[in-house]
Amino acid sequence: MNRLVGLLLALGLGLWAQRILTGPTPGIPRDALLLFLLAAALFVWHAARPAEFRPPGTPIARPWLRAGRWLSLSGLAAGLLSLILLWPDLQSPLGLVLWPVATVLFVAGTFLEGEAPGPGLSPGPGWDAPPPPLAPPPAAPLDRLSAWARGHWDLLVLAAILLVAAFARLSQLDVYPNGCQSDECNNGLDALKWLAGA
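Because the structure is predicted, anything quoted here is derived from the model rather than measured. (Residues numbered from 1 in each chain as written. Predicted model: local features only at pLDDT ≥ 70, side-chain atom pairs only at ≥ 80, totals over all residues. Heavy atoms only, no water.)

## Focus: the overall build of the protein chain
Part 1 of the reasoning: Looking only at helices and strands, the protein chain has seven helices and zero strands in total.
Part 2 of the reasoning: Walking the protein chain from its N terminus toward its C terminus, one meets helices and strands in the order α-α-α-α-α-α-α.
Part 3 of the reasoning: For the protein chain, the residues scored as buried account for 13% of the 198 residues in total.
Part 4 of the reasoning: Total accessible area on the protein chain is roughly 16,500 Å²; 72% of this is exposed by carbon and sulfur atoms. (Helix = DSSP H or I, 4+ residues; strand = E, 2+ residues; numbered from the N terminus. Buried < 20%, exposed > 50% of the residue type's maximum accessible area, 1.4 Å probe, protein only. Areas by Shrake-Rupley, 256 points an atom, 1.4 Å probe, with all protein chains shown as cover.)

Here it is in structure tokens:
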């Protein structure tokens, strides 16, 4: 109960400080800053300890597969090549194609992880590696593909969303957008006025 009262008090102090800054008759910013700092200190003091993200003794990261590293590096290289091509000419067809390809390659490579390490401590002094488990019989390619799809359904949904968005954006690219849009036109007119000395 004390924790809840402290959090509500911190929230009230933060709202009071915000009212000082943006109210109908704004007050002194120094006072608002002091109230914000007091609210932050109360919040930190009364906040609950965060739940453990991982069990103690397990390694922080999963191993990164070699294919993932190569995909990410090839995505980075394609992105750099796209940047080099688009720098002098923003209408370079190869640069415009390489940019989304580089993004997809880089993201796909970062999501390729190895198997999660088992429970226990990571290798260190006095650590004996357990014997390797017996290998299961090889699965058919379709079974492996369907098992991968069941385990990575979120990536498949993301890929479908990206494909639909890419089709919606890139179809009839020569027609839409049809000319200069509001922001670009206003910026161009402002630039011309500044160059004219206005």
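## Some thoughts on the packing of helix α3 (residues 66–86) against helix α4 (residues 93–111)
Part 1 of the reasoning: As a packed pair, α3 and α4 sit with axes 7 Å apart at the nearest point and diverge in direction by 155°. On the basis of their axis angle, the class for α3 and α4 is roughly antiparallel. Considering only the axes of α3 and α4, their crossing is left-handed. Where α3 approaches α4, its residues G68, L71, S72, S74, G75, L76, A78, G79, L81, S82, L85 and L86 are matched on the opposing element by L94, G95, L96, L98, W99, A102, L105, F106, A108, G109 and T110.
Part 2 of the reasoning: In terms of residue class, the contact of α3 with α4 is made up of 14 nonpolar, nine polar and no charged. (Axes fitted to C-alpha atoms, helices over the stretch in contact; angles between N-to-C directions. Parallel < 35°, antiparallel > 145°, perpendicular 65-115°, else oblique. Left-handed = near helix turned anticlockwise from the far one by under 90°. Contact = heavy atoms within 4.5 Å. Nonpolar A, V, L, I, M, F, W, Y, C, P; charged D, E, K, R; others polar.)

## Focus on helix α6 (residues 153–170)
An α-helical turn contains 3.6 residues, so any two residues separated by three or four positions project in the same direction.
Part 1 of the reasoning: Across its 18 residues, α6 extends 25 Å between first and last C-alpha, which sits within 8% of the 26 Å expected from 1.5 Å per residue.
Part 2 of the reasoning: The positive-phi residue at the C-terminal boundary of α6 is Q172, with phi of around 55°. (Expected span 1.5 Å × (residues − 1).)

## Concerning the nonpolar core
Part 1 of the reasoning: A10, L13, A17, I20, A32, L35, A39 and L42 together form the largest nonpolar core, which totals eight residues.
Part 2 of the reasoning: Those elements giving two or more residues to this core turn out to be α1 (2–22) and α2 (29–46).
Part 3 of the reasoning: Apart from residues no more than four positions distant in its own chain, A39 is found in contact with A10, L13 and G14. (Core = buried A, V, L, I, M, F, W, Y, C linked by side-chain atoms within 4.5 Å.)

## Observations concerning helix α7 (residues 182–195)
Part 1 of the reasoning: Under the 1.5 Å per step criterion, the end-to-end length of α7 is 20 Å for 14 residues, consistent within 8% with the ideal 20 Å.
Part 2 of the reasoning: Of the residues flanking the end of α7, it is G197, one or two places downstream, whose phi is positive at about 95°.

## Re the side chain of S82
Part 1 of the reasoning: Topologically, S82 is positioned in helix α3.
Part 2 of the reasoning: Among the polar contacts listed, one links the side chain of S82 to the backbone oxygen of G95, at a separation of 2.9 Å. (Polar contact = N/O pair within 3.5 Å; in protein donor to acceptor, adjacent residues only side chain to side chain.)

## Overview of the pattern of salt bridges
Part 1 of the reasoning: For the coordinates displayed, the defined rule picks out one salt bridge.
Part 2 of the reasoning: Ionic pairing is found between D31 and R30, a salt bridge with its closest N-O pair at 3.6 Å.
Part 3 of the reasoning: In this structure D31 comes out as partly exposed when scored by relative accessible area, which is 31%. (Salt bridge = Lys/Arg side-chain N within 4 Å of Asp/Glu carboxyl O.)

## Points about the side chain of S72
Part 1 of the reasoning: Following the sequence through the fold, S72 ends up in helix α3.
Part 2 of the reasoning: Among the polar contacts made by the side chain of S72, one reaches the main-chain amide nitrogen of T110 at a distance of 3.3 Å.
Part 3 of the reasoning: Discounting residues that sit within four places of it in the chain, S72 has contacts with W64, L105, F106, G109 and T110.

## Observations concerning the confidence of the model for the protein chain
Part 1 of the reasoning: Per-residue confidence for the protein chain averages 77 on the pLDDT scale, and 76% of its residues sit at or above 70.
Part 2 of the reasoning: Every residue in residues 120–128 scores below 50 in pLDDT, and together they form seven contacts with partners more than four places removed in sequence or on other chains. (pLDDT = per-residue confidence, 0-100.)

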